[in-house]
Amino acid sequence: MKKAFILLAAFLCLCLSGCAPAADIQEPSQPSSGAPASVDVSGRAEAPESAPVPGLSDPSRIAEILEEACAVVDDGTFYAAVVDCYSDTHLTEMTVRLGRLDGEPADDDYTPVGELTEPDFYSGLFDEVAKGKYGDSSWYEDGAYFIRYRVYTRPAHTEISLSYAEVDWTPVELTLTFKPEPAPRKTAGEMKFDDGMEVDSALAAGRSGIVTFYLPESQAVTRETDENGNIHTSRGLIPVSLSILDADGGVLCEKEGSIGSTGNDREAEGYYKYAFHFFFDEDDPLPLDEAASIVLNGNEIPLTPYPE
């Protein structure tokens, strides 16, 4: 009787619960890299097609980035692309992206080997070149390297050249030379003023400008007589006050500074050469359309649009 009761209880369990002894089923763990594990999904919901691997760029997206770049060079494996560029021929600011054409992420614990080679003071084309030769800042993003460059020159420049010798631990020969599309600008040519100042040239654009001018020796050189009657001459810094006016004489901006003579080519004539650089923030540029003239140390320099 007891045996029959046990058999009946077992039969009722199977009928009511539908349960049967089953082995433990464990979901496969995800790898530490975050990449999806390769598992058998038969009998389960469909897995997402072509699930992206974090840090891996789609090659078609790389192609789109290069298509939209200001300038590109590649060697079949690596590329260098200017993905952002501003130039008014006095100032150039640009961002270079370096990476792999196939979209594989580069090693984030690495710094590319390369530099901005032109404009360069030693080329003999410029009296003045100020630049971050190896970049002003750099970072890693989207599986690629980024380098930000800023350069300004006197006289103006029209060509940029970058050269890279190693990317992602691999020797390369990537040289990129291009002519940036210049931003709108206004300029002025030679003119003389009653106080002796002679302007050689002037340029104003949305984010930078420069005035190159000469001063007579009487304004550039200071003479002092010591207690023994000896005369000492010095050529120090001169103060500069600059304003940019609109057509109605309204002040659009004001800049001040002190500069020394540089690159003098008229000293034999009793004149000293100066160059005053001025800059505007990217988020607060000069309203160039409104700019009508530059007033430098009280002398007004009319501006005209540079012909396209």
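Just so it is clear, the model here is predicted, and its values are computed rather than measured.

Reading the values: the criteria
- Residues numbered from 1 in each chain as written.
- Predicted model: local features only at pLDDT ≥ 70, side-chain atom pairs only at ≥ 80, totals over all residues.
- Heavy atoms only, no water.
- Buried < 20%, exposed > 50% of the residue type's maximum accessible area, 1.4 Å probe, protein only.
- Helix = DSSP H or I, 4+ residues; strand = E, 2+ residues; numbered from the N terminus.
- Pairing = 2+ DSSP bridges.
- Salt bridge = Lys/Arg side-chain N within 4 Å of Asp/Glu carboxyl O.
- Core = buried A, V, L, I, M, F, W, Y, C linked by side-chain atoms within 4.5 Å.
- Contact = heavy atoms within 4.5 Å.
- Disulfide = S-S within 2.5 Å.
- Axes fitted to C-alpha atoms, helices over the stretch in contact; angles between N-to-C directions.

A. View of the pairing of strand β1 (residues 71-74). Here β1 shows a buried face lined by Ala71 and Val73 and an unburied face lined by Val72 and Asp74. Two successive antiparallel strands, β1 and strand β2 (residues 78-87), enclose a turn made up of three residues, where Gly76 displays a positive phi of approximately 95 degrees.

B. Representation of the pattern of salt bridges. Counted under the stated rule, the structure contains 14 salt bridges. Note that Glu159 and Lys179 form a salt bridge whose closest N and O atoms lie 3.3 Å from each other. One end of the pair, Glu159, is in the loop between β7 (144-154) and β8 (160-167); the other, Lys179, is in the loop between β9 (170-178) and β10 (185-188), with 20 residues separating them in the sequence. Since its relative accessible area comes to 58%, Lys179 is described here as exposed. Across the pair Arg266 and Glu269 runs a salt bridge, and its minimum N-O distance is 3.1 Å. Residue class for Glu269 comes out exposed when judged on its relative accessible area of 52%. A cluster of three or more residues bridged by salt bridges with shared partners is formed by Asp127, Glu128, Arg154 and Lys273.

C. Quick peek at the nonpolar core. Counting residues in hydrophobic clusters, the biggest one holds 29 residues, and the most contacted among them are Val211, Phe213, Ile244, Ile294 and Ile301. Listing elements by their share of this core, those giving two or more residues are β12 (198-205), β13 (208-216), β16 (238-245), β17 (251-259), β18 (271-279) and β19 (293-296). Sequence-distant contacts of Val211, that is, excluding residues within four places in its chain, are made with Val199, Ser201, Ala202, Leu242, Tyr274, Ala275, Phe276, Phe278, Ile294, Leu296 and Ile301. In terms of nonpolar packing, the next biggest core, distinct from the first, is built from 23 residues, Val73, Met94, Leu116 and Phe178 among them.

D. Seen up close, the state of the cysteines. Taken as a whole, this structure holds zero disulfides when the rule is applied. Of all cysteine sulfurs, the one in Cys70 lies closest to Cys85, which takes part in no disulfide; the gap is 5.2 Å.

E. Quick peek at the pairing of β13. Taken across its nine residues, β13 has nine buried, putting it largely inside the fold. Residues Ser208, Ile210, Thr212, Tyr214 and Pro216 line one face of β13 and the alternating positions Gly209, Val211, Phe213 and Leu215 line the opposite face, and both faces are buried. Across six bridges, the pairing between β12 and β13 is antiparallel. Across the sheet, Val199 pairs through a bridge with Phe213, a residue of β13. Hairpin connection of β12 to β13: two residues between the antiparallel strands.

F. Summary view of the sheet that holds β19. With respect to topology, four strands assemble into an open sheet ordered β17-β16-β19-β20, the strand pairing being antiparallel. Where the open sheet ends on each side, the last strands, each with one partner, are β17 and β20 (299-302). Taken over all neighbouring pairs, the strand axes of this sheet differ in orientation by 20 degrees on average, direction set aside. Pairing of β16 with β17, which is carried by eight bridges, proceeds in the antiparallel orientation. Bridge pairing in β17 places Ile244 opposite Cys253.

G. Representation of the environment of Ser201 within the structure. Tracing the backbone shows Ser201 in strand β12. Judged by relative accessible area, which is 29%, Ser201 ranks as partly exposed. Along the sequence, Ser201 and Ile301 sit 100 residues apart, while their C-alpha atoms lie 9.6 Å from each other. Sequence-distant contacts of Ser201, that is, excluding residues within four places in its chain, are made with Ala188, Gly189, Ile210, Val211 and Thr212.

H. Quick peek at unusual backbone geometry. Cis peptide bonds are those with omega within 30 degrees of zero, and the linkage from Glu118 to Pro119 qualifies with 5 degrees. Pro155 follows Arg154 through a cis peptide bond whose omega is -5 degrees. For Pro155, the position within the fold is in the loop between β7 and β8. Residues other than glycine seldom take positive phi values, yet Asp142 does so here, at roughly 55 degrees. The topology assignment puts Asp142 in the loop between β6 (137-141) and β7. Phi is positive for Asn297, which is not a glycine, with a value near 50 degrees. Position of Asn297 relative to the elements: it lies in the loop between β19 and β20.

I. Summary view of the sheet that holds β9. Strand order in this open sheet of three strands is β4-β8-β9, and the pairing throughout is antiparallel. Of all strands in the sheet, those bounded by a partner on one side alone are β4 (113-118) and β9. Sheet twist, expressed as the average angle between the axes of neighbouring strands with direction ignored, equals 10 degrees.

Function cannot be inferred from these measures alone, as they are strictly geometric.
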